[in-house]
Amino acid sequence: MSKPAEEQPATKVVTPQSLVTEEEVKAALRLDKGSDALLKSWSMVDFTKKGDNYGCVVSSVQVQYSLNQENMEVVYIAKLNPCRHVKEFKEMTSVMFRKESEFYLNLVPELNSVLTEVGQKALRFPKCFHGCMDKTKEVILLEDLRPQGYQMFDRRRGLDVAHITLILKELGRLHASSRLLQAKTPDQDLAVTHDFLVPDIVADESMGLRDVFHRQLDQSIELLERFGGYERSIAWVKSLKLEFVQLLTKHLGRSKYNVVCHGDCWNNNVLFRYNDDGEPIEVMLLDLQINRLSSPATDLIYLMYTSLNGEVRIPNLNTFLDTYYDTFNTVMEAAGMDMIFTRSELLKEFRSMNVLGAIYAMMVVPFMLLEPEDTPDMDKAENMEELLMEVKEKTLIALDKNPLVKPRFLSVFDEMMDLGLIP
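Just so it is clear, the structure is predicted and the values come from calculations on it, not from any experiment. Just so you know, the residues in each chain are numbered from 1, in the order the chain's sequence is written. Where totals are concerned, whole chains, interfaces and linings use all residues; where local detail is concerned, this predicted model gives features only for residues with pLDDT of at least 70, and gives and counts side-chain atom pairs only at 80 or more. Values reported for side chains reflect all heavy atoms of the structure, with hydrogen atoms and water molecules removed beforehand.

*Asks:* With reference to specific residues and values, describe unusual backbone geometry.
*Replies:* Although it is not a glycine, Thr136 sits at a positive phi angle of roughly 75°. With a phi close to 55°, Asp287 is a non-glycine residue in the positive phi region. The helix count covers DSSP runs of H or I at least four residues long, the strand count covers runs of E at least two residues long, and both are numbered beginning at the N terminus. Along the chain, Asp287 turns up in the loop between strand E9 (280–285) and strand E10 (292–294).

*Asks:* Break down the environment of Leu419 for me, with residues and values.
*Replies:* Mapped onto the elements, Leu419 comes out in the segment after helix H13 (405–418). Accessibility here uses a 1.4 Å probe with only protein chains present; expressed as a share of the type maximum, an area under 20% marks a residue as buried, one over 50% as exposed, and anything in between as partly exposed. Of the residues examined, Leu419 reaches a relative accessible area of 40% and is grouped as partly exposed. Between the alpha carbons of Leu419 and Thr185 there is a distance of 40 Å; along the sequence they are 234 residues apart. Should any heavy atoms of two residues lie within 4.5 Å, those residues are counted as being in contact. Aside from chain neighbours lying at most four places away, what touches Leu419 is Arg351 and Asn354.

*Asks:* Describe the sheet that holds E9, with residues and values.
*Replies:* Spatial ordering of the open sheet is given by E6-E8-E9, a layout of three strands whose pairing is antiparallel. Of all strands in the sheet, those bounded by a partner on one side alone are strand E6 (151–152) and E9. Pairing geometry for strand E8 (residues 270–274) and E9, over five bridges, is antiparallel. Within the sheet, the bridge partner assigned to Leu271 lies in E9 and is Met284. Helix axes are fitted only over the stretch in contact, all axes being lines through C-alpha atoms; the angle between N-to-C directions runs from 0 to 180 degrees. Together, E8 and E9 form the strand contacts of helix H3 (residues 161–184), whose direction differs from that of E9 by roughly 45°. For two strands to count as paired, DSSP must find a minimum of two bridges between them.

*Asks:* Mind laying out H3, listing which residues take part and the relevant values?
*Replies:* Over its 24 residues, H3 extends 35 Å from the first C-alpha to the last, a length consistent with the 34 Å expected when each residue adds 1.5 Å. Of all 24 residues that make up H3, 18 are buried, and the element is covered over most of its length. Any N or O atom pair separated by 3.5 Å or less is treated as a polar contact, with the protein-specific requirement of one donor-capable and one acceptor-capable atom, and with residues adjacent in sequence counted only for side-chain atom pairs. Measuring from the backbone nitrogen of Ala162 back to the side-chain oxygen at the start of H3 gives 3.3 Å, which picks out Asp160 as the cap. By this rule the span expected of a helix is its residue count minus one, scaled by 1.5 Å.

*Asks:* Explain the sheet that holds strand E2 (residues 57–67) to me, and be specific about the residues and the numbers.
*Replies:* Read from one edge of the open sheet, five strands run E1-E2-E3-E5-E4, paired in antiparallel fashion. Here the strands that pair on one side only, and so sit at the sheet edges, are strand E1 (38–45) and strand E4 (128–132). Here the average twist between neighbouring strands, direction ignored, is 25°. Here strand E3 (residues 70–80) pairs with strand E5 (residues 139–143) via five bridges, running antiparallel. Bridge assignment links Leu80 to a residue of E5, and that residue is Val139. Each of E1, E2, E3, E4 and E5 touches helix H1 (residues 22–33); the most contacted strand, E4, lies at about 150° to it.

*Asks:* Can you explain the environment of His163? Please cite residues and give values.
*Replies:* Note on placement: His163 falls in helix H3. A C-alpha to C-alpha distance of 10.0 Å links His163 and Leu271, two positions 108 residues apart in sequence. His163 has contacts with Phe153, Phe272, Tyr274 and Pro280, leaving out every residue within four places of it along the chain. A polar atom in the side chain of His163 sits 2.8 Å from the side chain of Tyr274.

*Asks:* Outline the confidence of the model for the protein, listing residues and values.
*Replies:* The predictor's confidence in any single residue is recorded as pLDDT, a number from 0 to 100. Put simply, the protein has an average pLDDT of 89, and 90% of its residues get 70 or more. Counting interchain partners and residues more than four positions distant, the pLDDT-below-50 stretch residues 1–11 has zero contacts.

Encoded structure:
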């Protein structure tokens, strides 16, 4: 007589929120509040909405603790491995979390040190209290900026002059601080002392994004065909596909103006604080998962062509570059160091990367202008093919629903034709 099969224990479902452990919460609390802080309880509290984040899951940890016989509470922002099924994301996710964790925990303190030495304020990043880099279990715990009034800008709207000015000034300070830090060790490159800066999520073919980019170029061609009247642009995009990898490698590689770059600076990766009149007065830079050592123009191009409408970017470009230059130069002068480029050299460097701006616009703009409810569910996709098909379908639907898509997208091609980049 056969025995009944033993019941198999249920497989534990791993969710991003389940990756946070009590030991990690204790470690963050200890670094934040000191060794006398005693953890009493903690819980995960989700607060973001669909479309806010793409490369990770963002949640929060609500912590109750006691210190000096007083009961207190603190909240940490938790960046979590998204635990997605798409295999192409897995290695990339591991690299991205290492880059961001080491940036916050190791590089930012050094950059702030060289800034304060010359009388400059610390960089505007959230404080980082913990980073776990165990593969598939990555967790980063950060300061919660919401109590200070910081909030996200609507990613579907183009940034105006006031918002972009704050970002450009902070990018100038970040880039300049890395030159100050490099000057401390002139015989040892920052890419050696901080090797996490070397892997490039975008340009490195091993990260698995090549097919994604090719699909986005194909989608751009389809969008241009639907709009009509952009035959020259269509032919140009088709030609880009033939040399796409070489273009990324060329423009995102090392430069004679090497600085530490944010790498992913668009309006979803910054927070703003406003005065009583609703005017932006302070900015915080976030999401350093694609940081790199490269030309400062790579950050400027990315920001300008993903986060601005043409009517803001085109007439104000020289003013924007002047704002950036002046802030960079202020830091260099405070340190008694020579500026690394002139205003005209900065403009030339920026213009030399216009093709990168067009590529970024094709990669990002259609996706970022989707309504939150139309954003593809990256957690449910089983493979890259399925995910890219959903992105394409929802982008094409957005053309009829969202009047922002067409002018924002086409303004880039109009500008490239006016500049002579598109023959």
